[in-house]
Amino acid sequence: MNCKKLSLLVLLLSAGLMNVAAQKSPQDMNRFIDALMKKMTLEEKIGQLNLPVTGEITTGQAKSSDIAAKIKKGEVGGLFNLKGVDRIMDVQKQAVENSRLGIPLLFGMDVIHGYETMFPIPLALSCTWDMTAIEESARIAAVEASADGINWTFSPMVDISRDPRWGRVSEGSGEDPFLGAMIAEAMVNGYQGKNMQRNDEIMACVKHFALYGASEAGRDYNTVDMSRQRMFNDYMLPYEAAVEAGVGSVMASFNEVDGVPATANKWLMTDVLRGQWGFNGFVVTDYTGISEMIDHGIGNLQEVSARAINAGVDMDMVSEGFVGTLKKSVEEGKVSMETLNTACRRILEAKYKLGLFDNPYKYCDPKRPARDIFTKAHRDAARTIAAESFVLLKNDPVPGRPGVAPEPLLPFKPKGNIAVIGPLADSRANMPGTWSVAAVLDRCPSLIEGLKEMTAGKANILYAKGSNLISDAAYEERATMFGRSLNRDNRTDQELLDEALNVARQSDIVIAALGESSEMSGESSSRTDLNIPDVQQNLLKELMKTGKPVVLVLFTGRPLTLNWEQENVPTILNVWFGGSEAAYAIGDALFGYVNPGGKLTMSFPKNVGQIPLYYAHKNTGRPLAEGKWFEKFRTNYLDVDNEPLYPFGYGLSYTTFSYSDVALSHSSIDMTGELTATVQVTNTGNWPGTEVVQLYIRDLMGSSTRPVKELKGFQKIFLEPGDVKYVYFKIAPEMLKYYNYDLQFVAEPGEFEVMIGTNSRDVKSAKFTLRE
């Protein structure tokens, strides 16, 4: 046996760690890490805080890779974005067998919404309002990633955002902190399982702490500035929920908060995260987050590195500020040995909790990839969840044959000629959506391919591209990076359009596959114009002129401005980016094999000038009267009303639901009491379907101003045609708490309004009083 591996084994045995049960004891963990740290040099301790990117390491050549020398010297604590169990095992061997102490490495990856089996983008996942499905997606992602050697994912991203110009809304869960907190918990549980002891459970990393989604102007990496009261009431809850769920790591955000970059913000990283919330994992920077603080203007690399570790950051991703400067800072007294030891201990504790000291090759079973990655069961789950995420934005009845009552276009039976037209119709690479770094892009069927397979022998699928993504070729190049090209067509716009119109005229129904490419949203993909791109919108208008029934299948990673489409197109199905099986899931929805029941988790504005636009806004002293557009000297615009095009919580179904008035069990409660709010929901249509019954509450009389409504509960129910279900919500004072001006978390006596409905706009209400 290699002497380095033998020394690690002796250390493991001396601490009693070969017994898996012993890993559950904090005392055993502390004894083991104490013993290990006594053996470590200053440089080796600093090395544990270093997270470089791997570059390309070919299987069998890890020993000669650029990173190998650093690993051998103990200057690396983990690596990220190395894919493949054989490669990871080779690199882990370098750490375990060729470094002095044989400390195993962490292997992280951006496993955001699936590994090779891709699920819908996170914004779409949130529109399922189904915590079981969301947790299942994370569980499957963990199974697949761990089978390929990954033991750490940089997910979930829980940043609340109310600005769809920001491209990373695609990676989050929308505008609401209550729903975002539930999703954060579900994702952490899915990734980490019960205790990360199994080899298919991996460590999660909640990001980006904090407030990244509130960047000014919706521009990525930009400044964030707000009151602390707003931070805690509107933005912090999902991060806190992830901590309460036991998340193993937290990632610092790029933005500044209160004039200090988050990566150097001691109030965030120590006072709130550890002191207030009791987080006991480790904090990692985002990519080059430390060196970027030089451009923020708060010091050179040594100074910003010292500020980061003194603030409570434990691991440096890519910047190499820690490994390059911390020794000098310790020697000069700018960073204490106690601070360095604490950061090192946190990294070692994470490795211990993952079981890597017990078995450094826990995640390196070469038999697992073929058995556990991209399986039929995983793809079936992805298909089901994708269909559940689709939001039916419009499905108006359209005139049919003479003497036949108008009917909605969806669903329709696959027969005759079906035209599928648009630049998103025949792209495999764009189906998974942004942040699908481990996906095998060519393995995801395009919409055309999926529909042809599903309609074989029943219908004839005709195809035309119709237009390029956008008229500006340079813009299209920026929007189709990372292998997501739409293969720009060099024909003229008119030639592309004429071909599409010819195909449409031969068809019985037209599926217009339009919207964003997958890389028009995501990191560094901010937009100021949220319309469907110019040439696509012209294509849609010309298709409508043919008189053929047109269904807009909308691909997008963010809310778009769809005023013309809402006014003129009879049917709009928002399919987001649905993952590996999106093509089949779209067919399931179009043909009525499933009834889409997704509900929006971000408001869709009428135009960019309304942004930020969100349901939980506050009143002013001059509110606009309900139902009015404009009144002088009121809070409104001259050119557009205050309302979104589609409100938070909105989504139609192939059936319809009616709500009774809200009944309250009590008209008042005290601080120890509770009441029940009840509503009767009836399926008044002809299809079975799901409905998300949403509970909102308004504090009508607070010591600080409160939003006009806040989501406080929801239930997803299934009803057959004609079925009636009573839905009950218990309301207790704990649900009524908020952070007051002094940042005390309190429920205050006064009058409250309860609202229950199908979305945040269409609700029934009742009132009660909270007494002292």
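To start, this report covers the structure provided alongside it. The structure presented is a predicted model; accordingly, all values stated were derived computationally and were not measured.

Considering the sheet that holds strand β4 (residues 152-153)
- Here three strands make up an open sheet; going across it, the order is β2-β3-β4 and the pairing parallel. Each edge of the sheet is formed by a strand with only one pairing partner; in this case those strands are β2 (78-80) and β4.
- Pairing of strand β3 (residues 106-109) with β4, which is carried by two bridges, proceeds in the parallel orientation. Following the sheet pairing, Met 109 is matched in β4 by Thr 153.

Here's the deal with the packing of aromatic side chains
- On inspection of all chains with the given rule, the structure shows 26 aromatic pairs.
- Their ring planes at 65° and their centres at 6.1 Å tell us that Tyr 212 and Phe 254 sit as a pair that is edge-to-face. Residue Tyr 212 is located in the loop between β5 (205-209) and α9 (228-235), and its partner Phe 254 is located in the loop between β6 (249-252) and β7 (256-257); the two are separated by 42 residues in the primary sequence.
- Phe 254 sits in the buried class, given a relative accessible area of 8%.
- Where Tyr 739 meets Phe 745, the ring centres are 4.8 Å apart and the plane angle is 35°; that geometry is what we call tilted.
- A residue is classified by how much of its surface remains accessible, and Tyr 739, at 11% relative accessible area, is buried.
- Grouped by ring-pair contacts, the aromatic residues Phe 80, Trp 152, Phe 154, Phe 282 and Tyr 287 constitute a single cluster.
- We note Arg 162 situated over the ring of Tyr 235; from NZ or CZ to the ring centre the distance is 5.8 Å.

Re the side chain of Ser 446
- As for its position among the elements, Ser 446 is in the loop between β14 (416-421) and α18 (447-455).
- Separated by 3.1 Å, the side chains of Ser 446 and Asp 426 make a polar contact.
- Not counting residues up to four positions away in its chain, the partners in contact with Ser 446 are Ala 425, Asp 426, Ser 427, Arg 428, Met 431 and Ala 583.

Looking at the sheet that holds β5
- As summarised here, the arrangement of the three strands in space is β5-β6-β9, forming an open sheet in which the pairing is parallel. Of all strands in the sheet, those bounded by a partner on one side alone are β5 and β9 (282-284). Strand-to-strand twist across the sheet, computed as the mean angle between neighbouring axes with direction ignored, equals 30°.
- Where β5 and β6 come together, three bridges link them in parallel fashion. Within β6, the residue paired with Cys 205 across the bridge is Ser 249.

What about the packing of helix α17 (residues 376-389) against helix α23 (residues 582-590)?
- For the pair α17 and α23, the least separation of the axes is 8 Å and the interaxial angle reads 50°. Of the possible angle classes, the one that applies to α17 and α23 is oblique. Read as a crossing pair, α17 and α23 show a hand that is right-handed. Contact with α17, carried on its side by Arg 383, Ala 386 and Ala 387, involves Tyr 584, Ala 585 and Asp 588 of α23 and no other residues of that element.
- When grouped by side-chain class, the residues that make up the contact of α17 with α23 number four nonpolar, no polar and two charged.

Things to note about the environment of Val 85
- Position of Val 85 among the secondary structure elements: in helix α5 (residues 85-98).
- Other than its neighbours up to four places away in sequence, Val 85 contacts Ala 147, Asp 148, Gly 149, Tyr 363, Cys 364, Asp 365, Pro 366 and Pro 369.

As for the environment of Phe 322
- Summarising the element assignment, Phe 322 is placed in helix α14 (residues 321-331).
- Residue class for Phe 322 comes out buried when judged on its relative accessible area of 0%.
- Placed 271 residues apart in sequence, Phe 322 and Leu 51 show a C-alpha to C-alpha distance of 9.8 Å.
- When near neighbours in sequence (up to four residues on either side) are disregarded, Phe 322 contacts Ile 46, Leu 49, Ile 290, Ser 305, Ala 308, Ile 309, Val 313, Asp 314, Met 315 and Asp 316.

Remarks on the pattern of salt bridges
- For the structure on display, the rule yields 46 salt bridges.
- Between Glu 449 and Arg 428 there is a salt bridge; the shortest N-O distance is 2.8 Å. A residue pair is termed long-range when its members are at least 10 positions apart, and Glu 449 in helix α18 and Arg 428 in the loop between β14 and α18 qualify at 21 residues.
- Glu 691 is paired through a salt bridge with Lys 599; the nearest N and O atoms lie 3.2 Å apart. Residue Glu 691 is located in strand β23 (residues 689-699), and its partner Lys 599 is located in the loop between α23 and β19 (657-659); the two are separated by 92 residues in the primary sequence. Across the pair, exposure class does not vary: Glu 691 and Lys 599 are buried alike.
- Connected via shared salt-bridge partners are Asp 110, Arg 168, Glu 171, Lys 207 and Glu 523.

With respect to a negative patch on the surface
- Taken together, the side chains of Asp 472, Asp 493, Asp 529 and Asp 534 make up a negatively charged region of the molecular surface.
- For Asp 493, a relative accessible area of 45% translates into the label partly exposed.

Considerations on the pairing of β3
- The alternating pattern of β3 places Leu 106 and Gly 108 on one face and Phe 107 and Met 109 on the opposite face, and all of these are buried.
- Bridge count for β2 against β3 is three bridges, and the pairing is parallel. Residue pairing for β3: Leu 79 is matched across the bridge by Phe 107.
- In the classification by handedness, the crossover that spans β2, the intervening α5 and the parallel β3 is right-handed.

Brief notes about the environment of Gln 192
- Secondary-structure assignment places Gln 192 in helix α8 (residues 177-192).
- Overall, Gln 192 belongs to the buried group, its relative accessible area being 5%.
- On a C-alpha basis, the gap between Gln 192 and Asp 258 in space is 33 Å, while along the polypeptide they are 66 residues apart.
- Ignoring sequence-local partners within four residues, the contact set of Gln 192 consists of Glu 201, Ile 202, Met 203, Ala 204, Gly 246, Val 247 and Gly 248.
- Separated by 3.1 Å, the side chain of Gln 192 and the backbone nitrogen of Ala 204 make a polar contact.
- Looking at Gln 192, its side chain comes within polar contact range of the main-chain oxygen of Gly 246, at 2.9 Å.

Topic: the nonpolar core
- Judged by nonpolar contacts, the single largest core of 130 residues is most densely connected at Trp 152, Phe 209 and Met 236.
- For this core, the leading source of residues is helix α7 (residues 131-147), giving nine residues.
- Discounting residues that sit within four places of it in the chain, Phe 209 has contacts with Met 236, Tyr 239, Val 250, Met 251, Ala 252, Ser 253, Ala 262, Leu 268, Met 269, Val 272, Leu 273 and Trp 277.
- Ranked by size, the runner-up nonpolar core spans 85 residues in total, among them Ala 387, Met 431, Leu 543 and Leu 554.

What about helix α21 (residues 534-545)?
- Over its 12 residues, α21 extends 17 Å from the first C-alpha to the last, a length consistent with the 16 Å expected when each residue adds 1.5 Å.
- The set of residues buried in α21 consists of Val 535, Gln 536, Gln 537, Leu 539, Leu 540, Glu 542 and Leu 543.
- Buried residues belonging to α21 abut β14, α20 (493-505), β16 (509-515), β17 (550-555) and α22 (563-568).
- One or two steps after α21, the chain reaches Gly 547, where phi turns positive at roughly 80°.

Things to note about a nonpolar patch on the surface
- On the surface, Trp 629, Phe 630 and Leu 638 cluster together into a nonpolar patch covering about 360 Å² of accessible area.
- Within the element layout of this structure, Trp 629 appears in the loop between α23 and β19.

Analysis parameters
- Residues numbered from 1 in each chain as written.
- Predicted model: local features only at pLDDT ≥ 70, side-chain atom pairs only at ≥ 80, totals over all residues.
- Heavy atoms only, no water.
- Pairing = 2+ DSSP bridges.
- Helix = DSSP H or I, 4+ residues; strand = E, 2+ residues; numbered from the N terminus.
- Phe/Tyr/Trp six-rings, centres within 6.5 Å; stacked < 30°, edge-to-face > 60°.
- Buried < 20%, exposed > 50% of the residue type's maximum accessible area, 1.4 Å probe, protein only.
- Lys NZ or Arg CZ within 6 Å of the ring centre and 35° of its normal.
- Polar contact = N/O pair within 3.5 Å; in protein donor to acceptor, adjacent residues only side chain to side chain.
- Contact = heavy atoms within 4.5 Å.
- Axes fitted to C-alpha atoms, helices over the stretch in contact; angles between N-to-C directions.
- Parallel < 35°, antiparallel > 145°, perpendicular 65-115°, else oblique.
- Left-handed = near helix turned anticlockwise from the far one by under 90°.
- Nonpolar A, V, L, I, M, F, W, Y, C, P; charged D, E, K, R; others polar.
- Salt bridge = Lys/Arg side-chain N within 4 Å of Asp/Glu carboxyl O.
- Patch = residues over 30% accessible without salt bridge, like charges linked within 9 Å, V, L, I, M, F, W, Y side chains within 5 Å.
- Areas by Shrake-Rupley, 256 points an atom, 1.4 Å probe, with all protein chains shown as cover.
- Lys, Arg positive; Asp, Glu negative; His and termini not counted.
- Charge placed at Lys NZ, Arg CZ, Asp CG, Glu CD.
- Right-handed = clockwise from strand over helix to strand, strands pointing away.
- Core = buried A, V, L, I, M, F, W, Y, C linked by side-chain atoms within 4.5 Å.
- Expected span 1.5 Å × (residues − 1).

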